[in-house]
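Here is how the chains run, residue by residue.
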Amino acid sequence: SKKTITALTSTIVACPMEITGKNTYKEEFVTAGGIKLSQIDMTTLGSRITPGLFCCGEVMDVDGVTGGYNFMNCWGSGFVAGTSAVQYVKQIHNNHVESI
């Protein structure tokens, strides 16, 4: 529901996270697997199964070779998914305002 999506969005945005550093033991590996690309709209990175859910980074089933490709995937897909999520919320808000 719109109320649930709004509550979830507020919770995620308000979640503080402290980054204290990185591991020095060369344990920084990418994960394999994730949401199948066939289940994601590649234009918006929105889920084809759950409207209002946008995917990015390693949550998707994308693996790249070492050398920054996975970082680029995370940053680029994060931008697309975030921009699409904002547009989605604006559309819901506009539709709600118009129906009042």
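Quantities reported herein were computed from a predicted structural model and do not represent experimental measurements. (Residues numbered from 1 in each chain as written. Predicted model: local features only at pLDDT ≥ 70, side-chain atom pairs only at ≥ 80, totals over all residues. Heavy atoms only, no water.)

Visitor: Even after reading the chapter, I still don't get the overall build of the protein, so can you show me in this structure?
Guide: On a plain count of helices and strands, the protein comes out with two helices and two strands. Sequence-ordered secondary structure for the protein, helices as α and strands as β, is α-β-β-α. Relative to its full complement of 100 residues, the protein shows a buried share of 14%. Long-range contacts, defined as pairs at least 24 residues apart, comprise 51% of the intrachain contacts of the protein with a sequence gap of at least 6. Looking at the protein as shown, the accessible area adds up to about 8000 Å², and 64% of this sits on carbon and sulfur atoms. (Helix = DSSP H or I, 4+ residues; strand = E, 2+ residues; numbered from the N terminus. Buried < 20%, exposed > 50% of the residue type's maximum accessible area, 1.4 Å probe, protein only. Contact = heavy atoms within 4.5 Å. Areas by Shrake-Rupley, 256 points an atom, 1.4 Å probe, with all protein chains shown as cover.)

Visitor: Would you mind showing me how to read unusual backbone geometry here?
Guide: Where the residue is not glycine, phi is negative for most of them; where a peptide bond is considered, it is trans in most cases. Notably, Leu45 is not glycine yet its phi reads approximately 65°, a positive angle. Mapped onto the elements of the fold, Leu45 is located in the loop between strand E1 (40–41) and strand E2 (46–47). A relative accessible area of 7% places Leu45 in the buried class.

Visitor: Explain helix H1 (residues 2–13) here, please?
Guide: Residues three or four positions apart in an α-helix share a direction because the helix packs 3.6 residues into each turn. Relative to the 16 Å expected for twelve residues at 1.5 Å per residue, H1 spans 16 Å between its end C-alpha atoms, a close match to the ideal helical length. Taking burial as the measure, the twelve residues of H1 include zero buried ones, a minor fraction of the element. (Expected span 1.5 Å × (residues − 1).)

Visitor: It is not clear to me how the nonpolar core should be interpreted in this structure. Could you clarify?
Guide: Most often, soluble globular proteins have nonpolar side chains that are buried together. In terms of nonpolar packing, the biggest core is built from six residues, these being Ile40, Leu45, Phe54, Cys55, Met60 and Ala81. When near neighbours in sequence (up to four residues on either side) are disregarded, Ile40 contacts Ile35, Leu45, Gly46, Arg48, Cys55 and Met60. (Core = buried A, V, L, I, M, F, W, Y, C linked by side-chain atoms within 4.5 Å.)

Visitor: Please clarify how a nonpolar patch on the surface should be interpreted in this entry.
Guide: Together, Phe71, Met72 and Trp75 give the surface a local cluster of nonpolar side chains, amounting to about 420 Å² of exposed area. Note that Phe71 resides in helix H2 (residues 69–99). Taking relative accessible area as the criterion, Phe71 reaches 55% and is therefore assigned exposed. (Patch = residues over 30% accessible without salt bridge, like charges linked within 9 Å, V, L, I, M, F, W, Y side chains within 5 Å. Salt bridge = Lys/Arg side-chain N within 4 Å of Asp/Glu carboxyl O.)

Visitor: I tried to follow the packing of aromatic side chains on my own but got confused; where do I start?
Guide: Each aromatic ring pair is characterised by the separation of its centres together with the angle its planes make. Summed over all chains, the structure comprises two aromatic pairs. A centroid spacing of 5.7 Å and a plane angle of 65° characterise the contact between Phe54 and Tyr88, whose relative ring orientation is edge-to-face. With a gap of 34 residues between them, Phe54 in the loop between E2 and H2 and Tyr88 in helix H2 connect regions that are remote in the sequence. Among the residues examined, Tyr88 registers a relative accessible area of 22% and is labelled partly exposed. Ring centres of Phe71 and Trp75 lie 5.5 Å apart, and the angle between their planes is 10°; this geometry places the pair in the stacked category. (Phe/Tyr/Trp six-rings, centres within 6.5 Å; stacked < 30°, edge-to-face > 60°.)

By themselves, these are just geometric observations and shouldn't be taken as functional.
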